[in-house]
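# Overview (structure and organization)
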Amino acid sequence: MKIAFYTLGCKVNQYETQALEQLLSGRGHTLVPFEESADAYIINTCTVTAVSDKKSRQIIRRTRKTAPDAIIAVCGCYPQTHPQDMEGLSIDLVSGTGDRQGFVELLERTWQERQPITALDNAFERRVFEVLPAGGLEGRTRAMLKVEDGCVNFCSYCIIPYARGPIRSLPLDKAREQAAHLASEGYRELVLTGIEISSWGHEWKDGPTLIDLIEAVCAAAPGCRVRLGSLEPRTITEEFCARASQLPNLCPHFHLSMQSGCDATLKRMNRKYDTARYYESVALLRRYFDAPAITTDLIVGFPGETEEEFAQTLDFIQTCAFSAMHIFPYSKRPGTPAAKMPGQVLKAVKEERAHRASQVAQAMEQAYLEQFVGRTVEVLFEQQRDGAWRGYTTRYTEVAVESPEVLHNQLRNVDISGVDGGCLRGKL
């Protein structure tokens, strides 16, 4: 078969699409771009917001219209949580977030028999991490390594625990094996990803924890940078920082999930920390690492958020002095407790607060970047764009240089001379 993929959503979805691509290629199938003619189109969906659901439905309908005789297979979080929404969309194969090996076999069966198949399990009954082939697309500099699946936090705005089930962790020996394999394939950077990597090892009770995993991966791929995915603040302890700071190939870039800088809002969100605990994590990282990049997510306009609560958040993010932020107006996700909460904030107010928070975030990012002017930084170059080679430092700050050399996948030292928007500029 000629098979095309379309992936929506997070890094975990991207990783799982890449794994499916490898599984299908290994069985003799041909991968083609989604815009080209194919025998089967696989749409890996996201359901984090109602807008995500809408995007998934749109791409399914558009694909069926342009390829009426092709196999349409849908997998991912949307069918897992809303199987009833798949009815009437002319889908040939409906799967969820589990058993990717089985999905490949079902796709082949659907192609041979031309009979619709729905294969969905109960996500809450999963207990074993499904080990998939690690790696990315040819020519990439950075590979994702999925080390965890599932979440049991049940934040009041989030439906993902229902889509992914309980925590399952990639065994330590498999993590070492996959990290070493990716390094041998020529990747220069590994990104540890998962639904909630802070909970890695949680199901083993008194067994290894995330810092044990990080040490193992760093040791297995000593020539690779190792970058961490999103972390819960509770992960950052004195012991974690003391051990992590001894790893020469661990990137000093920490994405600490925040969502709000107001304790009352955090409580309504059912987050498991307050601003005092969050700031403790920020302070620990700055004590143990040189100019660490500390990034975060912020949801503005959460149900019940008053102007005073938002002002508390603005003050708190400036206290934390983030190097970069992802800012989202709250989006109602049907099926979550937050969707039914009183005090839903008007769209115009949410957008205005997002704009104000973005202005603060941009000023903080500029201040963070300016400290590197006059310094020499190591850059992993990825691509040429707008007349310059571009890549990233260990702190995930973008750097642009003009050079006649082909710099793809090279690690080079760059003397930083200035800041251009959110990008550092310099010379080799």
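Here Asn-44 is to be found in strand β3 (residues 40–45). Leave out the neighbours within four places in its chain, and Asn-44 touches Tyr-6, Thr-7, Leu-8, Asn-13, Glu-16, Thr-17, Cys-75, Gly-76 and Arg-100.

What the six strands build is an open sheet, ordered β2-β1-β3-β4-β5-β6; its pairing is parallel. At either end of the open sheet lies a strand with only one pairing partner, and these are β2 (30–31) and β6 (117–119). Contacting β1 (2–7), β3, β4 (71–76), β5 (93–95) and β6, helix α4 (residues 100–113) runs over the sheet at an angle of about 165° to β4.

Turning next to the environment of Phe-381. Relative to the helices and strands, Phe-381 resides in strand β14 (residues 376–385). Classification of Phe-381 as buried rests on a relative accessible area of 0%. On a C-alpha basis, the gap between Phe-381 and Cys-46 in space is 30 Å, while along the polypeptide they are 335 residues apart.

With the rule as written, the count across this model stands at 34 salt bridges. The shortest N-O distance in the salt bridge between Glu-307 and Arg-353 comes to 3.5 Å. In this pair, Glu-307 is assigned in helix α11 (residues 307–320) and Arg-353 in helix α12 (residues 347–370), connecting sequence segments 46 residues apart. The exposure class assigned to Arg-353 is buried, which follows from its relative accessible area of 5%. Several salt bridges converge on common partners, so that one network encompasses Glu-16, Arg-100, Lys-146, Asp-149, Arg-164 and Arg-168.

Here the focus is the environment of Pro-161. Mapped onto the elements of the fold, Pro-161 is located in helix α5 (residues 160–164). Residues within four places of Pro-161 in sequence aside, it is in contact with Phe-124, Cys-151 and Phe-154.

In this section: α12. Over its 24 residues, α12 extends 35 Å from the first C-alpha to the last, a length consistent with the 34 Å expected when each residue adds 1.5 Å. For α12, the full list of buried residues reads Lys-350, Arg-353, Ala-354, Ala-357, Val-360, Ala-361, Met-364, Tyr-368 and Leu-369.

Our next topic: the packing of helix α10 (residues 275–288) against α11. Packing of α10 against α11 brings their axes to within 10 Å, and their N-to-C directions diverge by 20°. By the angle between their axes, α10 is roughly parallel relative to α11. The chirality of how α10 crosses α11 is right-handed. Within the contact between the two elements, α10 uses Thr-275, Tyr-278, Tyr-279, Val-282 and Arg-286 and α11 uses Phe-316, Thr-319 and Cys-320. A class-by-class count of the residues in the contact of α10 with α11 yields five nonpolar, two polar and one charged.

Let us now look at the packing of aromatic side chains. Here the distance between the centres and the angle between the planes together describe a pair of aromatic rings. Within this structure, the stated rule accounts for 13 aromatic pairs. Seen from their ring centres, Tyr-157 and Phe-302 are 6.2 Å apart, and the 85° between their planes marks the pair as edge-to-face. Here Phe-302 lies in the loop between β12 (293–300) and α11 and Tyr-157 lies in the loop between β7 (142–149) and α5, a separation of 145 residues in the sequence. Across this residue pair, the class does not change: Tyr-157 and Phe-302 are buried. In textbook terms, an aromatic cluster arises when at least three aromatic residues are bridged by ring pairs, as seen for Tyr-273, Tyr-278, Phe-316 and Phe-322.

A few words now on the sheet that holds strand β11 (residues 253–255). One key point about sheets: their strands pair by backbone hydrogen bonds, in either a parallel or an antiparallel sense. If you walk across this open sheet you meet the three strands as β11-β12-β13, and the pairing is parallel. Lying at the two open borders of the sheet, with one neighbouring strand each, are β11 and β13 (324–329). Each strand of the sheet is rotated relative to its neighbour by a mean of 15°, with strand direction disregarded. Relative to β13, β12 is paired through six bridges, and the arrangement is parallel. Its bridge partner lying in β13, Val-300 is registered against Pro-329.

A word on empty space enclosed by the protein. The tally for this structure, following the rule as stated, stands at one cavity of 30 Å³ or more. Here the largest cavity is characterised by a volume of approximately 30 Å³. Lining the largest cavity are Glu-382, Gln-383, Arg-385, Arg-390, Gly-391, Tyr-392 and Glu-398. Of all the secondary structure elements, the ones that give two or more residues to the lining of the largest cavity are β14 and β15 (388–392).

Criteria and thresholds
Residues numbered from 1 in each chain as written. Predicted model: local features only at pLDDT ≥ 70, side-chain atom pairs only at ≥ 80, totals over all residues. Heavy atoms only, no water. Helix = DSSP H or I, 4+ residues; strand = E, 2+ residues; numbered from the N terminus. Contact = heavy atoms within 4.5 Å. Pairing = 2+ DSSP bridges. Axes fitted to C-alpha atoms, helices over the stretch in contact; angles between N-to-C directions. Buried < 20%, exposed > 50% of the residue type's maximum accessible area, 1.4 Å probe, protein only. Salt bridge = Lys/Arg side-chain N within 4 Å of Asp/Glu carboxyl O. Expected span 1.5 Å × (residues − 1). Parallel < 35°, antiparallel > 145°, perpendicular 65-115°, else oblique. Left-handed = near helix turned anticlockwise from the far one by under 90°. Nonpolar A, V, L, I, M, F, W, Y, C, P; charged D, E, K, R; others polar. Phe/Tyr/Trp six-rings, centres within 6.5 Å; stacked < 30°, edge-to-face > 60°. 1 Å grid on protein atoms, 1.4 Å probe; cavity = no way out; pocket = protein on both sides within 12 Å on 5 of 7 lines; lining within 4 Å. Points joined across faces, edges and corners; volume = space filled by probe spheres on them.

These figures come from the coordinates and say nothing about function on their own.
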